[in-house]
Amino acid sequence: IELTEKQVKIFMNWRKKNLVAVLHLMNKIIHEMNLFQKLSLRDDTSEDVLRAKQEQIFKLQRKVLELQLSCRRHILDTFTEQQWDNFRFVLTENGYEIEE
């Protein structure tokens with residue numbers, strides 16, 4: 001998509017700073033969702049416990065969202081119109097539907 005060296009550096013710095021946190025949070029979400037499913041199948045699990053567990057999952061998902069939004073902000077702040085066009089092309093070539 002023809003990023004400049006400065007743009008690549010910005011994204012690599014973001015990745016270096018946030019990749020481990022994103023992966024950790026996503027793995028934690030998967031773990032907690034599996035636990036939620038197991039708890040929900042037990043007859044001795046109260047609805048309050050399930051609500052609390054779901055709230056915990058929502059909080060983890062919110063943390064991932066905030067990290068994703070910070071990456072998105074870098075994209076919005078640095079991409080040129082040509083880079084946007086190139087990015088859209090790459091996405092559509094990889095099966096993503098892009099609304100214009």
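Calculation rules
Residues numbered from 1 in each chain as written. Predicted model: local features only at pLDDT ≥ 70, side-chain atom pairs only at ≥ 80, totals over all residues. Heavy atoms only, no water. Helix = DSSP H or I, 4+ residues; strand = E, 2+ residues; numbered from the N terminus. Rg over C-alpha atoms; globule rule 2.2 N^0.38 Å. Buried < 20%, exposed > 50% of the residue type's maximum accessible area, 1.4 Å probe, protein only. Contact = heavy atoms within 4.5 Å. Lys, Arg positive; Asp, Glu negative; His and termini not counted. Charge placed at Lys NZ, Arg CZ, Asp CG, Glu CD. Expected span 1.5 Å × (residues − 1). Salt bridge = Lys/Arg side-chain N within 4 Å of Asp/Glu carboxyl O. Phe/Tyr/Trp six-rings, centres within 6.5 Å; stacked < 30°, edge-to-face > 60°.

Enquirer: Even after reading the chapter, I still don't get the overall build of the protein, so can you show me in this structure?
Expert: Helix and strand counts for the protein stand at 3 helices and 0 strands. The helix and strand sequence of the protein, counted from the amino end, reads α-α-α. The C-alpha radius of gyration of the protein comes to 19 Å, more than 25% above the 13 Å expected for a compact globule of 100 residues. C-alpha extents for the protein along the principal axes are approximately 60 × 30 × 15 Å. The 100 residues of the protein split such that 20% are buried. Taking all contacts inside the protein whose residues are at least 6 apart in sequence as the whole, residues at least 24 apart take part in 66%. Between the centroid of the 16 positive side chains of the protein and the centroid of its 16 negative side chains there is a distance of 10 Å.

Enquirer: Just checking my understanding: could you explain the side chain of Gln7 for this structure?
Expert: Secondary-structure assignment places Gln7 in helix 1 (residues 5-40). Contact partners of Gln7, with chain neighbours within four places excluded, come to Glu2, Thr78, Phe79 and Gln83.

Enquirer: Whenever I open this one, helix 3 (residues 81-93) confuses me. Can you help?
Expert: What sets the pattern is the α-helix's 3.6 residues per turn: residues three or four places apart point alike. An ideal rise of 1.5 Å per residue puts 18 Å on 13 residues; helix 3 measures up with 18 Å between its terminal C-alpha atoms. With its phi angle positive at about 90°, Gly95 sits one or two positions after the end of helix 3.

Enquirer: What's the story with the pattern of salt bridges in this structure? I'm lost.
Expert: Side chains that carry opposite charge are capable of pairing whenever their charged atoms lie near each other. Enumeration according to the criterion identifies 8 salt bridges in this entry. Of the charged contacts, one joins Arg51 and Glu47 as a salt bridge, the two residues approaching to 3.4 Å between their closest N and O atoms. Taken together, the residues Arg51 and Glu47, both in helix 2 (residues 47-78) and 4 residues apart, mark about one turn of the helix. Summarising the burial analysis for this pair, Arg51 and Glu47 share the class exposed. Among the charged side chains, a network of salt bridges with common partners joins Lys28, Glu32 and Lys53.

Enquirer: Can you walk me through the packing of aromatic side chains in this structure?
Expert: Each aromatic ring pair is specified by the distance between its two centres and by the angle formed by the two planes. Counted under the stated rule, the structure contains 4 aromatic pairs. Judged by centre distance (5.3 Å) and plane angle (65°), the rings of Phe79 and Trp84 are edge-to-face. Measuring from centroid to centroid gives 6.1 Å for Trp84 and Phe87, while their planes differ by 65°, and the two rings are edge-to-face. You can see Trp84 and its partner Phe87 sitting in helix 3, 3 residues apart, about one turn around the helix. Through a chain of ring-to-ring contacts, the aromatic side chains of Phe11, Phe79, Trp84 and Phe87 assemble into a single cluster.

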